[in-house]
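So the chains spell out like this:
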Amino acid sequence: MEGHWLCGRKEKGEGRWWRGGLLAAAVALTGCAALPFAKGEREMPPAAAAMTTSAHPSDPWEQFNRAVFAFNEAVDEGIIRPLAELYDRMLPLPVQRGVSNFFSNLADPWIGVNNLLQGKVGDAFSDWLRFGVNSVFGVFGVFDVASEANLLKHNEDFGQTLARWGVAEGPYVVLPLLGPRTLRDALAWPVDRFGRPVSHLADTSQRWTATAVETVAVRAQLLATDVTTVSAPDRYAFVRDAYLQRRWYLVHDGNPPVMYERFE
Amino acid sequence: MRKWLTHVVGWLGAVWVGIAAATGAAEDPVRMVQQLSDRVLAHLRTHPASDESGRAALVALVEQEVLPYFDMVRMTSLAVGPAWRQADAAQRERLVAEFRQLLVRTYTNAARSYRDERLEFLPQRSNPGDPVVRVAARLVRSGGEPLEIQYVVERRDGGWRIFDVVIGGVSLVTSYRSSFAAEISRSGVEGLIRTLAEKNARGEVEPAPGIRH
């Protein structure tokens, strides 16, 4: 698909509510106006396109993205990873697991809402049942007893719901602190934010504390996989490709059409 | 009566052929993958890869018993992409050697995070006779959605060889493609080989980031 539909052209669907919102948010988030597609050309000439991108069709904003990626890496290196390592060293594994389970459980009702919005009613009820079972029998979600009973967790969010509704993924974009997104998922993020119970805590400091603990807990779980991205010659490109493959897979509920070429 | 008899004989024949096919264990990609993963997981339960000696033991196991079932040439060609065609035989050999080392180093390291989760094999979606088969399994984890692992297997030299592992939707081989392509367009195939060799050499001495069980 063409990466730059959002900044480039006028289309029939532009009057729809989400298009307008998307456009405004896109400008706010990515500084769209400063980008080469902003002036309403339909497409860039191929030569120019080849010069500004390293030929990845989903990454027309690569320069901007690389800068934000470097910033995020620095924040991770300087603050988040050290905290995650400390957390990992201080807390025994069962405690870490309890913390992760607690936040994971809070996310299940919203996952169910997204399954419902995508027409997957059975999955939606399974998610809500999971939430009920884990909240009651798993002591506020600290123990994931539902998974033991084969009520397995799903991975859904509003970005995937938009995909189901036919919204194209748009260009790849790296957001400050939040990391890799497709434009569609970047725009879905505030909605997912709203779907989190933690966002509705009245007390600001509680809200920030919960978010910080969740972030550190998630990062601690990922410590062992750091080496995976370090191994690639170009970390940025590796993370981008892995992220786009992952989203493609999730949007297709685990059955994306994949073709393997033959170069031998 | 005669017609009925031919039916019975026909049925028996069909059943017999079915049994013969099912017992050809080496012929069955699902069983091959299952045996390999059982082997590795059993090893990890008794020898966690959390420290250097645990990792070395895992590397030895993978080298001897797992990698023979991987088609490293096909994997490397898929990671390198179209530029594979420009590489000569000697370059290809070095690319395969470096990529192989990179994968072993990277993923034996990631095995540190394995914590007795259970691996379940999912029903096969392919048909007998397919040249490429995806053997799907999932790692059921506490507090997270199950992580699906697909082993992409191809018929080769009378047996089956794994040429990709897709973990949670991310391909072990093709996710390296544009990172490798960028290196090739900057400094050629030789440049990519050099970078990989440097990374591998450095990886040997790099201390494992602190993680504790």
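Below is a short write-up of the structure. Just so it is clear, the structure is predicted and the values come from calculations on it, not from any experiment.

1. Side note on the interface of chain B and chain A
Link 1 in the chain: In this complex, chain B contributes 55 residues to the contact, which on the side of chain A involves 43 residues.
Link 2 in the chain: Buried surface at the junction of chain B and chain A, both sides included, amounts to about 4300 Å², of which 50% is carbon and sulfur.
Link 3 in the chain: R177(B) serves as the salt-bridge partner of E261(A), at 3.2 Å between the closest nitrogen and oxygen.
Link 4 in the chain: In this structure, the connection of chain B to chain A is made through 12 residue pairs in polar contact (both at pLDDT 80 or more).
Link 5 in the chain: Elements that contribute at least two residues to the side of chain B that touches chain A include exactly α4 (72-80), α5 (89-110), β2 (132-140), β3 (147-156), β4 (159-167), β5 (170-171) and α6 (177-205) of chain B.
Link 6 in the chain: Ranked by the residues each element gives to the side of chain B that touches chain A, the list is headed by α6(B), at 10 residues.
Link 7 in the chain: In the side of chain B that touches chain A, the residues fall into 18 nonpolar, 18 polar and 19 charged.

2. Some remarks on the sheet that holds β3(B)
Residues and elements named next belong to chain B.
Link 1 in the chain: In space, the 5 strands of this open sheet follow the order β1-β2-β3-β4-β5, with antiparallel pairing throughout. Unpaired on one side and paired on the other, β1 (118-121) and β5 mark the two borders of the sheet.
Link 2 in the chain: Sheet topology places β1 next to β2; 4 bridges connect them, and they run antiparallel. Residue pairing in the sheet places E120 in a bridge with R138 of β2.

3. Brief notes about unusual backbone geometry
Residues and elements named next belong to chain A.
Link 1 in the chain: The residue F140 is not glycine, and still its phi comes out positive at about 55 degrees.
Link 2 in the chain: Considering the arrangement of structural elements, one finds F140 in the loop between α6 (121-137) and α7 (145-148).
Link 3 in the chain: The class for F140 is exposed, based on a relative accessible area of 63%.
Link 4 in the chain: Notably, D253 is not glycine yet its phi reads approximately 45 degrees, a positive angle.
Link 5 in the chain: Looking at where D253 falls in the secondary structure, it is placed in the segment after α12 (235-251).
Link 6 in the chain: Here D253 falls in the partly exposed class, since its relative accessible area comes to 36%.

4. Some thoughts on the packing of helix α5 (residues 93-117) of chain A against α6(A)
Each pair of packed helices can be summarised by the angle the axes make with each other and by the distance between the axes.
Residue and element names in this part refer to chain A.
Link 1 in the chain: Relative orientation of the contacting elements α5 and α6 amounts to 165 degrees, with a least axis distance of 7 Å. It follows from the interaxial angle that α5 and α6 lie roughly antiparallel. Crossing angle aside, the handedness with which α5 passes α6 is left-handed. Counting all contacts with α5, which are made through N105, D108, P109, I111, G112, V113, N115 and L116, the residues of α6 involved are V121, D123, A124, D127, W128, R130, F131, N134 and S135.
Link 2 in the chain: Considered class by class, the residues forming the contact of α5 with α6 number 8 nonpolar, 5 polar and 4 charged.

5. Considering the layout of surface pockets
Link 1 in the chain: The calculated volume of the second largest pocket comes to roughly 1200 Å³.
Link 2 in the chain: Every residue lining the second largest pocket is counted, 46 residues in all, and those nearest its centre are H56(A), D241(A), L244(A), Q245(A) and W248(A).
Link 3 in the chain: Residue assignment for the lining of the second largest pocket shows that the elements contributing at least two residues are α4 (62-90) and α12 of chain A together with α6 of chain B.
Link 4 in the chain: With 9 residues, the top contributor of residues to the lining of the second largest pocket is α12(A).
Link 5 in the chain: Split into classes, the residues belonging to the lining of the second largest pocket amount to 23 nonpolar, 11 polar and 12 charged.

Quick notes on the rules
Residues numbered from 1 in each chain as written. Chains lettered and ligands numbered in written order. Predicted model: local features only at pLDDT ≥ 70, side-chain atom pairs only at ≥ 80, totals over all residues. Heavy atoms only, no water. Contact = heavy atoms within 4.5 Å. Buried area = accessible area lost by both parts, 1.4 Å probe. Salt bridge = Lys/Arg side-chain N within 4 Å of Asp/Glu carboxyl O. Polar contact = N/O pair within 3.5 Å; in protein donor to acceptor, adjacent residues only side chain to side chain. Helix = DSSP H or I, 4+ residues; strand = E, 2+ residues; numbered from the N terminus. Nonpolar A, V, L, I, M, F, W, Y, C, P; charged D, E, K, R; others polar. Pairing = 2+ DSSP bridges. Buried < 20%, exposed > 50% of the residue type's maximum accessible area, 1.4 Å probe, protein only. Axes fitted to C-alpha atoms, helices over the stretch in contact; angles between N-to-C directions. Parallel < 35°, antiparallel > 145°, perpendicular 65-115°, else oblique. Left-handed = near helix turned anticlockwise from the far one by under 90°. 1 Å grid on protein atoms, 1.4 Å probe; cavity = no way out; pocket = protein on both sides within 12 Å on 5 of 7 lines; lining within 4 Å. Points joined across faces, edges and corners; volume = space filled by probe spheres on them.

Keep in mind these values describe shape, not function.
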